[in-house]
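The chain contents come next:
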Amino acid sequence: MHLSKKLFLVLCLSLFCLAVPGLTTAEERDSVTVTGSAVTEVEPDMAYVYLELSKEAPTAEEAREGVAGKLQSLKTVLLGAAVTGENARSTGYNLEPVYSFAGGKRKQTGFRALTTMKVKVEKLEQLSGLLDNSVTKAGASVSRVEFGLNNKNIVEQRLLTEAVTNARSKAELVATAGGRSLGVMIQANISSSGGENHVVMNSPMLMAKMDRAEGATPTELNPGTITVRSSVNLVFALRPVA
């Protein structure tokens, strides 16, 4: 083959390779990609309560025994609120020495035992009593309260339907404006957010006095509402107007 023919073939191949990235496939030419979304505000109907039980004592055994006693009292409180099984579980346990500093020297003064619990309260009307009784009857500290939804999936399914409807209406508008008609959905990506643990309330005041008087005002928390969002990214086929 002559050198000139070789150069011609190499040049043609190079031009083809350069053109490939810029080509639009038939599917890309005949489709439209749209995003649809839906959002709602929902009142929470459940809560997670994070509790701490701790005890400092001269010996490790006394510290451990102190926490064990508080844990038994807490189980009684939870049973009274119909919280059982997986709705009350331990999330951590620690037993460590306690030190003090005097004259630039560190001296061990005892031990501290700590256990943490995560409690799911499925009925919010039981939350106030559970919080107060955990503090007054079990010596617990409330480190955090998180509000959420028992049936988040039901809310998400409704929002997903609305998001798809929203996306389809956008796609139909684009298709009509471009002189096309909307075909079948050929791809979908879905995302949801919110609906659980969205409202977080730190409650340092709930750690306070263990000698609360009988008939004292119960603890009341106002969780507000929870924002739940769903969004979809859809690809529809486009077809000529009949």
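The coordinates are above.
The text that follows walks through the structure, step by step, so that each part is easy to find. (Residues numbered from 1 in each chain as written. Predicted model: local features only at pLDDT ≥ 70, side-chain atom pairs only at ≥ 80, totals over all residues. Heavy atoms only, no water.)

Regarding the overall build of the protein chain
Working step 1: Along the protein chain, the regular secondary structure elements total 5 helices and 8 strands.
Working step 2: Listing the helices and strands of the protein chain from first to last along the sequence gives α-α-β-β-α-β-β-α-β-α-β-β-β.
Working step 3: Every one of the 242 residues in the protein chain was classed for burial, and the buried ones make up 31%.
Working step 4: Long-range pairs, those at least 24 residues apart, make up 84% of the contacts in the protein chain between residues at least 6 apart in sequence. (Helix = DSSP H or I, 4+ residues; strand = E, 2+ residues; numbered from the N terminus. Buried < 20%, exposed > 50% of the residue type's maximum accessible area, 1.4 Å probe, protein only. Contact = heavy atoms within 4.5 Å.)

Focus: the side chain of Glu156
Working step 1: Along the chain, Glu156 falls in helix α5 (residues 152-177).
Working step 2: In this structure, Glu156 is in contact with Ser192, Val228 and Ser230, ignoring residues within four places of it in sequence.

Some words on the pairing of strand β2 (residues 46-57)
Working step 1: Both β2 and strand β5 (residues 141-148) contribute to a ladder of 7 bridges, which runs antiparallel. Following the sheet pairing, Tyr48 is matched in β5 by Glu146.
Working step 2: Looking at chain direction, β2 and strand β4 (residues 105-121) are connected through 11 bridges and run antiparallel. Among the inter-strand pairings, Lys55 is bridged to a residue of β4, identified as Ala113. (Pairing = 2+ DSSP bridges.)

With respect to the environment of Ser31
Working step 1: Relative to the elements of secondary structure, Ser31 occurs in strand β1 (residues 31-42).
Working step 2: Exposure remark for Ser31: the relative accessible area of 18% places this residue in the buried category.
Working step 3: Spatially, the C-alpha atoms of Ser31 and Val235 are 6.5 Å apart, while their sequence positions differ by 204 residues.
Working step 4: Once you skip the residues sitting within four places of it in the chain, Ser31 turns out to touch Ile186, Val235, Phe236, Ala237 and Leu238.

A short note on α5
Working step 1: With 26 residues, α5 extends 38 Å from end C-alpha to end C-alpha; this agrees with the ideal 38 Å at 1.5 Å per step.
Working step 2: Buried within α5 we find Val155, Glu156, Leu159, Ala163, Ala167, Ala171 and Ala175.
Working step 3: Remark: Gly179 follows α5 within two positions and exhibits a positive phi of approximately 75°. (Expected span 1.5 Å × (residues − 1).)

Concerning unusual backbone geometry
A negative phi holds for most residues other than glycine; trans holds for most peptide bonds.
Working step 1: Positive phi outside glycine occurs at Ala82, with the angle close to 60°.
Working step 2: When you line up the elements, Ala82 lands in the loop between α3 (60-80) and β3 (88-102).
Working step 3: Classification of Ala82 as exposed rests on a relative accessible area of 59%.

Thoughts on the side chain of Ser134
Working step 1: For Ser134, the position within the fold is in helix α4 (residues 127-136).
Working step 2: Each residue touching Ser134, except ones within four places of it in the same chain, is listed here: Leu51, Leu74, Val77, Gly139 and Ala140.

Examining α4
Working step 1: The buried count for α4 comes to 7 of 10 residues, which makes it a mostly enclosed element.
Working step 2: Listed as buried for α4 are Leu127, Ser128, Leu130, Leu131, Asp132, Ser134 and Val135.

Concerning the packing of α3 against α4
Working step 1: The contact between α3 and α4 brings their axes to 9 Å, and the two run at 160°. Classified by the interaxial angle, the pair formed by α3 and α4 is roughly antiparallel. The two elements α3 and α4 meet at a crossing, and its hand is right-handed. Every residue of α4 that contacts α3 at Leu74, Val77 and Leu78 is listed here: Leu130, Asn133 and Ser134.
Working step 2: Considered class by class, the residues forming the contact of α3 with α4 number 4 nonpolar, 2 polar and no charged. (Axes fitted to C-alpha atoms, helices over the stretch in contact; angles between N-to-C directions. Parallel < 35°, antiparallel > 145°, perpendicular 65-115°, else oblique. Left-handed = near helix turned anticlockwise from the far one by under 90°. Nonpolar A, V, L, I, M, F, W, Y, C, P; charged D, E, K, R; others polar.)

Structural notes on the nonpolar core
Working step 1: With 21 residues, the main nonpolar core has Val49, Leu51, Val119, Leu127 and Leu130 as its most contacted residues.
Working step 2: For this core, the secondary-structure elements that each account for two or more residues are β2, α3, β4, α4 and β5.
Working step 3: Membership of the second largest hydrophobic core comes to 18 residues, among which are Val32, Val34, Leu159 and Ala167. (Core = buried A, V, L, I, M, F, W, Y, C linked by side-chain atoms within 4.5 Å.)

Comments concerning the pattern of salt bridges
Working step 1: Counted according to the given criterion, the structure contains 6 salt bridges.
Working step 2: For Glu61, the salt bridge is made with Arg64, and the minimal N-O distance between the two is 2.7 Å. Taken together, the residues Glu61 and Arg64, both in helix α3 and 3 residues apart, mark about one turn of the helix.
Working step 3: For Glu162, the salt bridge goes to Arg158, with nearest N and O atoms at 3.4 Å. Residue Glu162 and its partner Arg158 are both found in helix α5; the two are separated by 4 residues, about one turn of the helix.
Working step 4: The exposure class of Glu162 is partly exposed, given its relative accessible area of 37%. (Salt bridge = Lys/Arg side-chain N within 4 Å of Asp/Glu carboxyl O.)

Bear in mind that shape data such as this cannot, by itself, settle questions of function.
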